[in-house]
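Structural characterization, general
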Amino acid sequence: MTGFYDQKPGAKKPRARKGAASPPPDDEPARLLPDHIHPHDHAHGHDHDHDHDEAEGPAGLGHNRAQKVVWERWQKKRTFVRALEGTYGNLTKSLLEQPRVYSSRNVPWKGGPQLYGKHVISPQSAAVTQSIETHIEVYAPGAYGQKHGHLNSAVFYILKGRGHDVHDGRRIDWSAGDIMFVENGCVHQHFNDDPDNEAILLVFKAKPLFLFMHLLYQKIVSYPPETLPEGHEDYRPPTDL
């Protein structure tokens, strides 16, 4: 994975959306940070809040060293790959007894305020699978998610709405009914271009398999907004999914 978010000369910039919060600019290099490090987390010997320039250049040697976790989303313990312990016969019997239908309505939404998600199938939530993960993402009107990268690829089925992605500086438009692919190792970000309606995406990926092979690295370049776009301060994710 590259250490820069590459913006090629002449590349199109995301269209401004009415009522949407302004996304971070794409015409400057953004340093990739470990997924558990907030851009404002650094050693000063004291605590305070102030502005920082994220475009400080490429990440240097040791940029993957462990540091204090400060983003709540990454502080919670997760099961990425389950242990398989017992006899082959018992493991096989247990697998065959697992449900084949799962209701997403039974899984609570997490996240917010602009982006919500629920993991329906994963090694942590369902014993029927060990190598794939699926989740639903919902973007508020005019919202966008974090700019990030990971080693695994991902497939997005657009259930509702219209928007675009930026993959390593390249704009990719999508709308309901499309299937959008995020290739391995690219820095990407998802945008809902509709200022009045939500966007809903169903995501499939083999992330557990990648993590099992120790392809662990995933980075956050910039974090999602902490406020909703103007005019949608009361947005909540749908209750029928």
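Residues numbered from 1 in each chain as written. Predicted model: local features only at pLDDT ≥ 70, side-chain atom pairs only at ≥ 80, totals over all residues. Heavy atoms only, no water.

Focus on the pairing of strand β7 (residues 162-167)
- A large share of β7 lies buried, amounting to 5 of its 6 residues.
- Direction of pairing for β7 relative to strand β8 (residues 170-175): antiparallel, over a ladder of 6 bridges. Looking across to β8, one finds that G163 is bridged to W174.
- Connecting the antiparallel pair β7 and β8 is a turn made up of 2 residues, with D168 showing a positive phi of about 50 degrees. (Buried < 20%, exposed > 50% of the residue type's maximum accessible area, 1.4 Å probe, protein only. Helix = DSSP H or I, 4+ residues; strand = E, 2+ residues; numbered from the N terminus. Pairing = 2+ DSSP bridges.)

Description of the nonpolar core
- Formed by 25 residues in total, the largest nonpolar core has its most connected members in F156 and L201.
- Looking at this core, the elements that each hand over two or more residues are β3 (115-121), β4 (133-139), β6 (154-160), β8, β9 (179-182) and β11 (199-205).
- Look past the residues within four positions of L201 in its chain and what remains in contact with it is H135, I136, E137, Y139, F156, Y157, I158 and W174. (Core = buried A, V, L, I, M, F, W, Y, C linked by side-chain atoms within 4.5 Å. Contact = heavy atoms within 4.5 Å.)

Focus on the sheet that holds β11
- Here 6 strands make up an open sheet; going across it, the order is β2-β3-β4-β11-β6-β9 and the pairing antiparallel. Bordering the open sheet on either side are β2 (110-111) and β9, each of which pairs with just one other strand.
- Pairing analysis gives 2 bridges linking β2 to β3, with the strands arranged antiparallel. Across the sheet, K110 pairs through a bridge with G117, a residue of β3.

Quick notes on the pattern of salt bridges
- Within this structure, the stated rule accounts for 5 salt bridges.
- Across the pair K205 and E133 runs a salt bridge whose closest N-O atoms are separated by 3.8 Å. Of the two residues, K205 is situated in strand β11 and E133 in strand β4; the sequence distance between them amounts to 72 residues.
- For K205, a relative accessible area of 15% puts it in the buried group.
- Owing to a relative accessible area of 5%, E133 belongs among the buried residues under this scheme.
- Here R171 makes a salt bridge to D173, at a shortest N to O gap of 2.9 Å.
- Since its relative accessible area comes to 16%, R171 is described here as buried.
- Via salt bridges that share partners, R171, D173 and D193 belong to a single interconnected network. (Salt bridge = Lys/Arg side-chain N within 4 Å of Asp/Glu carboxyl O.)

So far we have only geometry, and geometry alone does not tell us how the molecule works.
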